[in-house]
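The residues making up each chain are set out below.
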Amino acid sequence: MIDSLRDLLVVSDMDNTLLTAKEGVPACNRATIELFRALGGRFTVATGRPPASIRAALGGTRLSCPAIACGGSVLYDLEADRALEKSFLPLAAAREAVTAVMEQFPDMGVDVMVEEGRVYVVQANRYTQAHLRDEEIGCIMCPLEQVPCNWAKVMFAADPIAILNLQKFARGLHFDGMYFLPTNTIYFEIMPTGVSKAQALRRLCARLDVPMENTVVIGDYYNDIDLMRAAGHAVAVDNAPPEVKLAADEVLASCTSGGVGEYLYSLIKRYT
């Protein structure tokens with residue numbers, strides 16, 4: 001049962017939900033997050049970004065509880081600056097999968113996130129460069145065989161047609177301990193089996209002693225659908241694809257129009 005803001009946990013995706021690469025976090029979202037937190041509400045993010053990129057994008061905007069980072073591979077306490085939980089890909093199988101993709105798609109960009117989100121660029125292209133620039137991610141360039149162990153996830157980046165072709169190719173790849181996931185029209189990822197934003201939300205709720213039915217998830221893309229279905233209440237921003245909107249209980253204004261802030265303010269009015 002929800003009687004006040006203190007009973008709620010609101011979890012928002014970041015890119016194209018809470019913020020955009022060009023505009024950043026709209027001022028109305030920043031102001032409303034601060035007010036929501038000051039009144040006792042709990043707010044955090046679930047994103048494919050590593051912790052350092054989350055912090056850079058949020059600027060001075062603080063979260064109420066640990067962030068779901070690296071697509072769910074990492075639960076990270078930004079206030080304490082430490083990882084609470086980390087999950088990893090099976091190293092040998094992940095290297096084999098990346099090698100197969102690189103042989104089939106020699107122009108494919110390849111990033112590997114290690115541990116709590118250190119980024120190693122195995123193969124760069126204009127999409128990996130834009131991704132690193134837009135998300136303010138530092139990186140190390142190195143060959144695949146020199147990437148350290150404890151891979152949180154792998155991200156492939158290319159134009160939308162190449163990513164669609166990669167998705168088709170990946171259907172023929174079968175490796176234990178991992179799965180493939182489209183996260184954008186220009187990104188395709190490898191994640192550890194059993195690891196996702198939805199599973200990370202369940203673990204976070206267990207840590208915070210928050211019932212899942214008291215959670216609200218705000219998302220914009222296909223990889224948010226499982227997270228939205230796991231939550232007590234699912235919300236999509238208006239710039240989301242039709243299938244994502246259909247998975248939501250309600251649809252907000254678009255990201256750039258401050259849909260997240262608008263929704264948080266509606267909760268403030270309802271519970272204070």
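Cut-offs applied
Residues numbered from 1 in each chain as written. Predicted model: local features only at pLDDT ≥ 70, side-chain atom pairs only at ≥ 80, totals over all residues. Heavy atoms only, no water. 1 Å grid on protein atoms, 1.4 Å probe; cavity = no way out; pocket = protein on both sides within 12 Å on 5 of 7 lines; lining within 4 Å. Points joined across faces, edges and corners; volume = space filled by probe spheres on them. Helix = DSSP H or I, 4+ residues; strand = E, 2+ residues; numbered from the N terminus. Nonpolar A, V, L, I, M, F, W, Y, C, P; charged D, E, K, R; others polar. Pairing = 2+ DSSP bridges. Axes fitted to C-alpha atoms, helices over the stretch in contact; angles between N-to-C directions. Contact = heavy atoms within 4.5 Å. Patch = residues over 30% accessible without salt bridge, like charges linked within 9 Å, V, L, I, M, F, W, Y side chains within 5 Å. Areas by Shrake-Rupley, 256 points an atom, 1.4 Å probe, with all protein chains shown as cover. Salt bridge = Lys/Arg side-chain N within 4 Å of Asp/Glu carboxyl O. Buried < 20%, exposed > 50% of the residue type's maximum accessible area, 1.4 Å probe, protein only. Expected span 1.5 Å × (residues − 1). Arc of directions from axis to C-beta.

**Remarks on the layout of surface pockets**
One simple way to see leftover space: roll a probe sized like a water molecule over the atoms.
(1) Moving on: What the largest pocket holds in volume is close to 700 Å³.
(2) Moving on: Lining the largest pocket are 36 residues, with Asp15, Thr183, Asn184, Tyr187 and Asn223 positioned closest to its centre.
(3) Moving on: When contributions to the lining of the largest pocket are tallied by element, the ones reaching two or more residues are α4 (126–134), β9 (151–157), β10 (178–184), β11 (187–192), α6 (197–208) and α7 (225–230).
(4) Moving on: In this structure, the second largest pocket spans a volume of roughly 170 Å³.
(5) Moving on: Residue composition of the lining of the second largest pocket, by class: 5 nonpolar, 4 polar and 4 charged.

**Comments concerning empty space enclosed by the protein**
(1) Moving on: Scanning the model with the defined rule gives 1 cavity of 30 Å³ or more in all.
(2) Moving on: Volume-wise, the largest cavity comes out at about 30 Å³.
(3) Moving on: Around the largest cavity, the lining residues are Asp111, Val112, Met113, Val119, His131, Lys153, Val154 and Met155.
(4) Moving on: Of the residues belonging to the lining of the largest cavity, the class tally is 5 nonpolar, 1 polar and 2 charged.

**A short note on the sheet that holds strand β8 (residues 139–141)**
(1) Moving on: With mixed pairing, the 6 strands of this open sheet are ordered in space as β8-β7-β6-β9-β11-β10. Lying at the two open borders of the sheet, with one neighbouring strand each, are β8 and β10. Ignoring strand direction, the axes of neighbouring strands in this sheet form an average angle of 25°.
(2) Moving on: Packing of helix α5 (residues 160–170) onto the sheet brings it into contact with β9, β10 and β11, and relative to β11 it is tilted by some 35°.

**Some words on a nonpolar patch on the surface**
(1) Moving on: A surface patch of nonpolar side chains, about 250 Å² in accessible area, is lined by Leu35, Leu39 and Tyr265.
(2) Moving on: Note that Leu39 resides in the loop between α1 (27–38) and β2 (42–45).
(3) Moving on: You can call Leu39 partly exposed: its relative accessible area is 33%.

**Quick notes on α6**
Residues separated by three or four positions in an α-helix point in the same direction, a consequence of the helix having 3.6 residues per turn.
(1) Moving on: Relative to the 16 Å expected for 12 residues at 1.5 Å per residue, α6 spans 16 Å between its end C-alpha atoms, a close match to the ideal helical length.
(2) Moving on: For α6, every residue scored as buried is listed here: Lys197, Ala198, Ala200, Leu201, Leu204 and Cys205. Looking straight down α6, one finds its buried side chains confined to an arc of 155°; they lie on one side.
(3) Moving on: Residues of α6 that are buried in the fold lie against β1 (9–12), β2, β3 (67–69), β4 (74–77), β12 (215–219) and α7.

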